[in-house]
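Listed below are the residues making up each chain.
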Amino acid sequence: MKNTDQFQYKRHVISVFLFLLLICHTVLGRDLSSADSTIRVEQDSCTRWAVFGPAKRETSASISFREGDDLRNNSIYSIGNSLYGMIPGLNVIQKFGEPGANDPQFLIRGVGTFGNENAPLVIIDGFERKINSIAIEDIETFSVLKDASAAALYGYKAANGVILITTKRGAPEKTKISIDFAYGFQQPMGLPEFVSSADYADMYNQALFNDGLPILYSTADIENYKAGNSIYYPNVDWMSEMLRKSAPQTRINASAKGGNKIVQYYASVGYFLNEGIYDHTNGHEGYSTNIKQSNLNFRSNLDINLMEDWKMQFDIFGVIGGKNAPYRNDAVWTTLNRYSSMVPMYVQDGKLGGTASYPSNPMSLINEQGYSETQNRYIQTNLSTEYDFRKIIKGLKAGLRFAYDNYYSVMDGWTRSVESFSFLPDHTLSDPYGKKTNLTYASPSNNDQSIRFNFEGYLDYQIRLDDNNQLSALLLYHQDKLTLGSQTPYQNQSLSGLLGYKLMDRYTIDLGLNYGGVESFKKNDRFSLFPSIAAGWIISNESFLRDSKTINYLKLRASVGKTGRSNFSERFAYREYYYYNGEYYFGTGGSTLVVVEADLANPDMTFEKTTSYEAGFDTRLLNDIRLSASYFYQKRDHILVPRENVVPSTVGTEMQPVNLGKAERQGIDFAVSYDKSYKDWGFSVGLNGGWVTSKVLYNAELPVPAGSEYNYATNQPIFQPFGLEFIGFFESQADIDRSPIQQFGTVKPGDMKYRDKNGDGVVDKYDQAPVAKSVYPELELGFTFGFKFKGFDLHGLLHAQLGRYIYLGDNSPVYWPLINDAKISTYVDIPWTEQNKRIATYPRLTTQANPNNYRSSDFWYKKADFLRLRSLEFGYTIPLSRTNDSQKIRIFFLGTNLFTVSNFKYSDPETYKVGYPAMKTYNLGLNLQF
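This one's a predicted model, so the numbers in the text were calculated from it and none came from an experiment.

Trainee: Could you give an account of the overall build of the chain, naming the residues involved and the relevant values?
Mentor: Helix and strand counts for the chain stand at nine helices and 45 strands. Across its three principal directions, the C-alpha atoms of the chain cover 100 × 75 × 70 Å. Here the chain holds 930 residues, and the buried ones make up 52% of them. Of the contacts formed within the chain by residues at least 6 apart in sequence, a portion of 70% connects residues at least 24 apart. Averaged over its 94 positive side-chain charges, the chain has a centre that lies 6 Å from the centre of its 99 negative ones.

Trainee: Break down the sheet that holds strand E7 (residues 127–128) for me, citing the residues and quoting the values.
Mentor: A sheet is described by the order of its strands in space; here five strands give the open sequence E3-E8-E9-E6-E7, paired in mixed fashion. A single partner strand is all that each edge strand has here, and the edge strands are strand E3 (63–67) and E7.

Trainee: Account for helix H4 (residues 219–227), naming residues and giving values.
Mentor: Within the sequence span of H4, burial applies to Asp221, Ile222 and Tyr225. In an axial view of H4, the angular spread of the buried residues amounts to 95°, which keeps them on one side of the axis. Of the residues in H4, the exposed ones pointing more than 90 degrees away from the buried face are Thr219, Lys226 and Ala227. Next to the buried residues of H4 lie helix H3 (197–210). Just past H4, the residue Gly228 takes up positive phi, approximately 90°.

Trainee: Pulling in residues and values, what's your account of the packing of H3 against H4?
Mentor: It is at 7 Å that the axes of H3 and H4 come closest, and there the two elements cross at 155°. It follows from the interaxial angle that H3 and H4 lie roughly antiparallel. Only Ile222, Tyr225 and Lys226 of H4 make contact with H3, whose side of the interface consists of Ser197, Ala198, Ala201, Asp202 and Asn205. Across the contact of H3 with H4, the residue classes tally to four nonpolar, two polar and two charged.

Parameters and conventions
- Residues numbered from 1 in each chain as written.
- Predicted model: local features only at pLDDT ≥ 70, side-chain atom pairs only at ≥ 80, totals over all residues.
- Heavy atoms only, no water.
- Helix = DSSP H or I, 4+ residues; strand = E, 2+ residues; numbered from the N terminus.
- Buried < 20%, exposed > 50% of the residue type's maximum accessible area, 1.4 Å probe, protein only.
- Contact = heavy atoms within 4.5 Å.
- Lys, Arg positive; Asp, Glu negative; His and termini not counted.
- Charge placed at Lys NZ, Arg CZ, Asp CG, Glu CD.
- Pairing = 2+ DSSP bridges.
- Arc of directions from axis to C-beta.
- Axes fitted to C-alpha atoms, helices over the stretch in contact; angles between N-to-C directions.
- Parallel < 35°, antiparallel > 145°, perpendicular 65-115°, else oblique.
- Nonpolar A, V, L, I, M, F, W, Y, C, P; charged D, E, K, R; others polar.

Just distances and angles here, no functional claims.
Now the structure itself:
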């Protein structure tokens, strides 16, 4: 955005500020002198609204809320791992367990777009930040803003929902100190298993026979592999050899909070060390090749009352981290899953085993080819000031907020080449594969830096007009600038307004308006308007329910509004670009560089936009039962789709995508809990969940032949998998001859047979139809339970995801044997042969490329519902003072991912792809407060 545009926009913002302030003072001025300027917070409300910072108000919007201390019962190491099944509507999807790369994926109410981003906006202490940039001990509140009204302040960025986190602050009280220490160990879970060398040889011979080739392993060879010889006939279990049974992790944290009437503070410092599960990594002088992550974090939140009505806040948070790993860490798990058990780790002392095609065995890859060190630095700062104009206009406050964040990461590496050997048929060593070199420094990589600057100015007006009427209004201007490396900065501006009215403590209405813009769209089209409205009826305050002993609180609520999203991978699509591409030669007289046109511009690119509708209720029954539920419907349009599918190919150039796609989703969120406390004991149980379905209303697609309309993604769920329908294995050549022609290469008896869905006599891509369901669950459930007796306490969390499928092709080394010389997992149970074709559960084995069998079909999609005990914590608290309950020491045991129930048994149902496995952990900890 040009400077003139910014100046004009800011001038309009200031004008609107002054105009609204004048209206408030003129219309309401007669009531200000006698009115109570505070807005009473309904403590019985099932939701609390964080506008920015720790301010909370009652609202009719859809918000789910958790205290930070609730999350620490589930994890003491990571905020991401503490959220599974904790909040209705928040989907937490585990990916991998590698230290430093184990953050889960977050979705709010499933997926809402088939564009390139479904992740929610994350706001920490009022500003957009990464969720993994915060220490779990520092969290005060964690909120999920799910509808347009709740996310009104962030409308132009909030189409995927908003996660709002506030950190702890001090209070005018005596200093309280808390010290936490935890030590534990972690174990991999869901590791695949593979057949022995003898079974591999037998099955490989069968594959050669199926291919019409001579067998490779004699009967004597197979018997020798059964007998075992670690050098000449090895049976190497690479998972067992290269992975430790467990690895340690440590967390230490200390915090202090307190203050007086002038200054309040919260400060913390923490250290985290997490080691990896690689084995044999400490045999080198001066370095290790194991994964090891260490973080040192610190925080200082300071509140200063400069004057009676003027306060200031200054916050700083930082992380200094480092990670050690093998230099070729990205190839480790593919190699572990693929590398043959028939190759010895060492053929002689110090001489690595290998083959001509695969010279680097896992030992070589993990321990002998060098290591890398990644250094991270992350600083977040907030500076804010607020003035209370109550002496002039009661209820009016004005404030300014600034934030500066800086992230830097660099990876240094030291690498070398190694040599390996194999045995020739006469048991002599081959010539070396590769050449052994000394350890040398590699140039820095992943040299990344980001700088973010935020500015906000706001007017906040809250007043009780009389005994029956309350009014709140907020006007917020925001702008931010994000620079990623050498890229053109990302810039955003917005003006947001909230207006809340509560009548007779029974009726509430919230109006929201967000006018936001981004730099990546063309001038005059960079801004868009996102309105919202929510209304509520607190029925329990009506005269006919006010004295009810059964219904203590009951509120009905509804909302409608618009939100947007613009964080596309395509930027400045409105511009026409040209670039150099090759040379053009003029006879023998030389050449010149050729300039060609880049992708055809799209001057009309704009926000994805979501219209949200919601209705729900919150209630408390019999004092101890709390229940809330919401139904939502969301329709999203302006989703980016490839223009090639809507423009004839005769145009002759690549094109930018266009905002033509449409989708919808709907579902239900709910939460119910029961808490009961007595003098010496108490218990609590809770169940929350979310069910969601989605549908693509329009996705620009190339036309398909008549009768193949099922091939369209339109009218199917978002990310619906497509594939062929498996109808059995070909039994014979005669069976192949009388079946429709399958156009995926030559097929043989034992290969997979697919249905000709459109009946054209040919099985091709137009016979692909919806198969199974996506990996994203339709139903997510979390069940929490707790029990306390005197000094003992017990907390647990069960988490389930239902209605999800996984694609085994995402881990081809495990489920597609012999491709690129991969080994054979125990998943390959009964492969097809002429003798067992009636009971075969797997296609014929082959040593050749087989595009017919190993392609998307319902055969490779497996149901992967699961129920997992995410956490179980048992503790004992010892008071340190008879007169002060806050002085105590607590000893606890915390286990995570302790067991899993799933119909998919061959690997972990969540982390089923190639990569570092999910981890089960056991931790012993100590918390001291005084």
